[in-house]
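Overview (structure and organization)
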Amino acid sequence: MKRWMNALGRYKGSVILFIIFLIVEALCDITLPGYTSKMIDTGIQNSGIEHVAPEKITKEEYEYAQLFMDDEEKQLWDNSYTENGDIYELKSLSKKELDNLDDKLSGALIMNNQISSVDESTFEKMMNQGDSQTKITPEMLGIKEFPADLRPIIINMVQAGRMNSDNLISMKNELNSKLDEIGATIKNSMGIAYAKKMDKMAGVDVDAVQQRFLWTNGGIMIVIAAIMAVAMIIDALLAAKVGAAIGRDLREQTYENVMKFSNSEIEKFSTASLITRTTNDIQQIQQSTTLVLRMALYSPILAAAGIVQVILTGSGMGWIIGLAVALIFGVLAILMGLAVPKFKSVQKLIDNVNRISREILTGMLVIRAFNREKKEEVRFEKSNKDLFKTQLFIGKIMSFLMPILMFIMFGMSVLIIWVGGHKIDEGTLQIGQMTSFITYSMLIVMSFLMLTMLALIVPRAMVAADRIDEVITTESSIKNADNAVELNNPKGVVEFKNVNFAYDGAEGDIVLKDISFKAEPGKTTAIIGSTGCGKTTLIQLIPRLYDVTDGEITIDGINVKDIDIKSLRKAIGYVPQKRILFSGTIATNIAYGNDDATMEDIEKAAKIAQAEEFIESKEDKYDSPISQGGTNVSGGQNQRLQIARALAKHPKILLFDDSFSALDMKTDKLLRETLSKEVKDATLIIVAQRVGTIINADQIIVLDEGSIVGMGTHEELLKNCETYREIAESQLSKEELYGKEVAE
């Protein structure tokens, strides 16, 4: 996690910009449901009228409006309108002032509206309530029947002393208390009904007001949606950019560190595992980074803002969301407990599939030659099935997750509608409120669903991150000394001094024991011995592909461990036992170790390596394509191109690891003769299996079970080294070894 945060820190500019647009996106997402509610409750149900104070009101209604107001409210009412003939017009007030009118006057105006239109039975109940024993009849009021509009009668009763203004204020206050119980939104809606009625009576085109409101707010919603879309696109691009950049950086770091590995570290991880880590594992981290940026930051913002908006709706249904979230976390805990352990084994199983695939593909010729196709199919099928079963188990677990979460989410919606429907029926909730509550609830639950998706992604990404971290933090056992020296103009004198070597973790199993010899410029040192005696390992110690366990190897008297690694390897031309060419052309392969190689250098190296003839026979000559691994050339051609590649470096030390084995005797002889003429001042160390290849070497070292059992020229070894004599006699006739006269 720390390394991931450090990686993000390198792109803090993009991350900060991402967060800014993420907040913009979240604000838009949270704002839209409010406008939806506003469009339904205000735009449709309230005809676009937002406040209880009418835009215009007739003079008569203006006077009636003050019937249930106290002195302070009357003062506020008078200060809010200007007289224009028989019409009173609302002054240009700020939203804050209009909200104050809603708060202060809604009770009086709602009461006024209720009294202006009641049926006869309701009026009779109102007139005869209280402690009075005398039943009030229409005749007592000097009328034939109770009217629909009671306000003139109430005024008459107040003037006649049958009712005082305090009673009216009490009635209003009682109504206010009841309205407060059902919520501010319902109270405001009832006040707006009065404003709409007054506007119509004063000649205001209410339909035009509604159209203007719907178009204005609809336009705002379109703009918000457009801003959100742009923010989402920018966020997606920034998240993808940061994720891709982190993936690129991890690949570079991994590759750079792997390039420093000795053979020991390569063998520790295995080639197949390193390929998986560099590709599949880093891909997991890259995708996870993109998703984490999008979800881990967005979800909390969305959830927090949604919870605030739910509280502000005052719907009293927050417990439904709490229940849904609790169920989500419960389901997640159960399923993750089953799935997470399997995530850790998936990457190892992928390693195994890659390893077996690589072995089968590279060894296809041998597999076919030994009719092992079916056996290898069984081996691959087993590893493939192990991966399949693990992934299937995870897939089954995950297949339960989304349906259960969707069921919880839609079940929550049904519960909200059921509870909200009852509240609407009771008059304590509006349709728009319920709509916005459902939307906010969906946003909150969706934010938690996003977090659950992270719970699926992050565990596997963390496993991949640990595997990548293991590669990046592994230090090569072979590294430069603190005061490493440059090997400038080396002579090429190589000396082994009491060298011992054992592979890491192979204590007691010593591969090379007490090796001491000197190889000088202009001379050929050959190494021969039985298979597995340590010949290849011995020459790999010189360029520090491995480091000696004891003793030291020097070049021009300097310990190779004290020489800068790049400088050391620059002075060495190495032809490995394994035939390795790279995809490209013949020319690029020969010039592989020398970026400054001219065409003349390339052609000369090819000529010395006896490769010129077959290169010139090709249509494109030096521009002829070479496939990966050199599979489109023969074994002998492959070896000659590798020798040319080593020669093109103009090295002072040439190491040949059984590099003539695929050459015919004639080509072998010509190559060695040309080498002795053209590379006079270089130190040649040749590992060979054929005595004929090294018969003219200045010094032959005979290895047996990791120890030197003989050292000298061909003739000297025939006389005093039994091991060499046995090898030579097994390959050459006595006439070839001792001459015709001696053989007879």
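As the structure is a prediction and not an experimental result, all values here were calculated from the model. Position numbers for residues count from 1 along each chain, tracking the sequence in the order it is written. The predicted nature of this model means local features are confined to residues of pLDDT at least 70 and side-chain atom pairs, given and counted, to a pLDDT of 80 or more, with totals for whole chains, interfaces and linings taken over all residues. To get the side-chain values, all heavy atoms of the structure are used, and hydrogens and water are removed first.

Now for the overall build of the protein chain. A run of DSSP states H or I qualifies as a helix once it reaches four residues; a run of E qualifies as a strand once it reaches two. Both are numbered from the N-terminal end. Tallying secondary structure elements over the protein chain gives 29 helices and 15 strands in all. Per-residue burial for the protein chain yields a buried fraction of 46% across its 744 residues. Nonlocal contacts in the protein chain, meaning residues at least 24 apart in sequence, comprise 77% of its contacts between residues at least 6 apart. The buried label applies to any residue whose accessible area, calculated with a 1.4 Å probe on protein chains only, is under 20% of its type's maximum; exposed applies above 50%, and partly exposed to all values in between. Here, residues are in contact when the closest pair of their heavy atoms is within 4.5 Å.

One turn of an α-helix holds 3.6 residues; hence residues three or four places apart share an orientation. Here helix α10 (residues 206-260) contains 55 residues, and its C-alpha end-to-end distance of 80 Å stays within 8% of the 81 Å for a straight helix at 1.5 Å per residue. In protein, a polar contact requires one atom able to donate a hydrogen and another able to accept it; more generally it is a pair of N or O atoms within 3.5 Å, and residues adjacent in sequence count only if both atoms are side-chain atoms. Among the residues of α10, the N-terminal cap falls to Asp205, whose side-chain oxygen and the backbone nitrogen of Asp207 are separated by 3.3 Å. The length a helix should cover is 1.5 Å for every residue beyond the first.

This part covers the sheet that holds strand β5 (residues 512-519). Strand pairing is assigned whenever DSSP detects at least two bridges linking the two strands. Ordered by their spatial adjacency, four strands build an open sheet running β5-β4-β7-β8, and the pairing between neighbours is antiparallel. Either end of the sheet is taken by a strand with one partner, and the two such strands are β5 and β8 (558-559).

Our next topic: helix α12 (residues 271-296). For α12, which comprises 26 residues, the first-to-last C-alpha distance of 35 Å matches the rise-based estimate of 38 Å (1.5 Å per residue) to within 8%. In this scheme, the bend at a residue equals the angle between the axes fitted to the seven residues that finish there and the seven that begin there. Approximately 35 degrees is the largest bend angle found in α12, and it occurs at Arg277.

Here we come to the pattern of salt bridges. By salt bridge we mean one thing: a side-chain nitrogen of Lys or Arg within 4 Å of a carboxyl oxygen of Asp or Glu. Following the criterion strictly, the structure yields twelve salt bridges and no others. A salt bridge links Asp281 to Arg467; the nearest nitrogen and oxygen atoms lie 2.4 Å apart. Of this pair, Asp281 sits in helix α12 while Arg467 sits in helix α17 (residues 431-473), and the two are 186 residues apart along the sequence. On the accessibility criterion, Arg467 (7% relative accessible area) is buried. A salt bridge links Asp681 to Lys652; the nearest nitrogen and oxygen atoms lie 3.2 Å apart. Highlighted residues: Asp681 in the loop between α24 (665-678) and β13 (683-687) and Lys652 in the loop between α23 (635-647) and β12 (653-657), separated in sequence by 29 residues. Residue class for Asp681 comes out partly exposed when judged on its relative accessible area of 46%.

Looking now at the packing of aromatic side chains. Two rings from Phe, Tyr or Trp (for Trp, the six-membered ring) form a pair when their centres sit within 6.5 Å of each other. Planes less than 30 degrees apart are called stacked, planes more than 60 degrees apart edge-to-face, and all others tilted. Within this structure, the stated rule accounts for ten aromatic pairs. Summarising the aromatic geometry, the rings of Phe501 and Tyr546 are spaced 5.4 Å apart at their centres and angled 55 degrees between planes, so their arrangement reads as tilted. Placement of Phe501 in strand β4 (residues 494-501) and of Tyr546 in the loop between α18 (535-540) and β7 (550-555) is noted, with a sequence separation of 45 residues between them. Taking the relative accessible area as the measure of exposure, Phe501 reaches 3% and is therefore buried. The interplanar angle of 10 degrees and the centroid separation of 4.4 Å between the aromatic rings of Phe582 and Tyr592 together place this pair among those described as stacked. You can see Phe582 sitting in the loop between β9 (572-575) and β10 (584-585) and its partner Tyr592 sitting in the loop between α20 (586-590) and α21 (599-608), a full ten residues away along the chain. For Phe582, a relative accessible area of 32% puts it in the partly exposed group.

A separate point is the nonpolar core. Residues Leu250, Ile321, Leu401, Met412, Ile416 and Val445 are the most contacted members of the largest nonpolar core, which totals 62 residues. For this core, the secondary structure elements donating two or more residues are α2 (12-45), α10, α12, α13 (298-313), α14 (318-362), α16 (373-426) and α17. For this core, the element with the highest residue contribution is α17, accounting for 15 residues. Put simply, a nonpolar core is a bunch of buried Ala, Val, Leu, Ile, Met, Phe, Trp, Tyr and Cys residues held in one set by side-chain atoms that sit within 4.5 Å of each other. Ranked by size, the runner-up nonpolar core spans 49 residues in total, among them Ile602, Ile643, Leu663 and Leu671.

The next thing to look at is a negative patch on the surface. Note on patches: the residues involved have over 30% relative accessible area and no salt bridge, like charges join within 9 Å, and the nonpolar side chains Val, Leu, Ile, Met, Phe, Trp and Tyr join within 5 Å. Surface accessibility follows the Shrake-Rupley procedure with a 1.4 Å probe radius. Residue values consider only the protein chains on display as shielding. The sign given to each residue is positive for Lys and Arg and negative for Asp and Glu; His and the chain ends receive no count. Taken as the charge location is NZ of Lys, CZ of Arg, CG of Asp or CD of Glu. A surface patch of negative charge is lined by Glu600, Glu603, Glu612, Glu613 and Glu616. Of all the secondary structure elements, the ones that give two or more residues to the negative patch are α21 and α22 (612-616). Ranked by the residues each element gives to the negative patch, the list is headed by α22, at three residues. Relative to the elements of secondary structure, Glu616 occurs in helix α22.

What follows concerns the sheet that holds strand β6 (residues 524-529). In space, the six strands of this open sheet follow the order β9-β12-β13-β6-β14-β15, with mixed pairing throughout. Two strands in the sheet have a free side with no partner beyond their single neighbour: β9 and β15 (707-712). Sheet twist, expressed as the average angle between the axes of neighbouring strands with direction ignored, equals 15 degrees. For helices, the fitted line uses only the C-alpha atoms of the stretch in contact; every axis is such a line through C-alpha atoms, and the angle between N-to-C directions lies from 0 to 180 degrees.

In this section: the side chain of Thr537. Within the secondary structure, Thr537 is located in helix α18. On the accessibility criterion, Thr537 (7% relative accessible area) is buried. What Thr537 contacts, discounting residues up to four positions off in sequence, is Phe501, Tyr503, Val511 and Leu512.

Positioned with a positive phi, Asp556 is a non-glycine residue whose angle comes to about 55 degrees. Structurally, the position occupied by Asp556 is in the loop between β7 and β8. Despite not being glycine, Glu705 shows a phi value in the positive range, around 55 degrees. As for its placement among the helices and strands, Glu705 is situated in the loop between β14 (699-704) and β15.

Turning our attention to the packing of helix α4 (residues 71-80) against helix α5 (residues 95-115). Where α4 contacts α5, the axes come no closer than 11 Å and their chain directions differ by 115 degrees. In this structure, α4 crosses over α5, and the sense of that crossing is left-handed. Contact with α4, carried on its side by Glu73, Leu76, Trp77 and Ser80, involves Asn100, Leu101, Lys104, Leu105, Ala108 and Leu109 of α5 and no other residues of that element. All amino acids are sorted into three groups, where Ala, Val, Leu, Ile, Met, Phe, Trp, Tyr, Cys and Pro are nonpolar, Asp, Glu, Lys and Arg are charged, and the leftover types, Gly among them, are polar. Across the contact of α4 with α5, the residue classes tally to six nonpolar, two polar and two charged. Here a crossing is taken to be left-handed if its near helix is turned anticlockwise relative to the far helix by less than a right angle, and right-handed if that turn runs clockwise.

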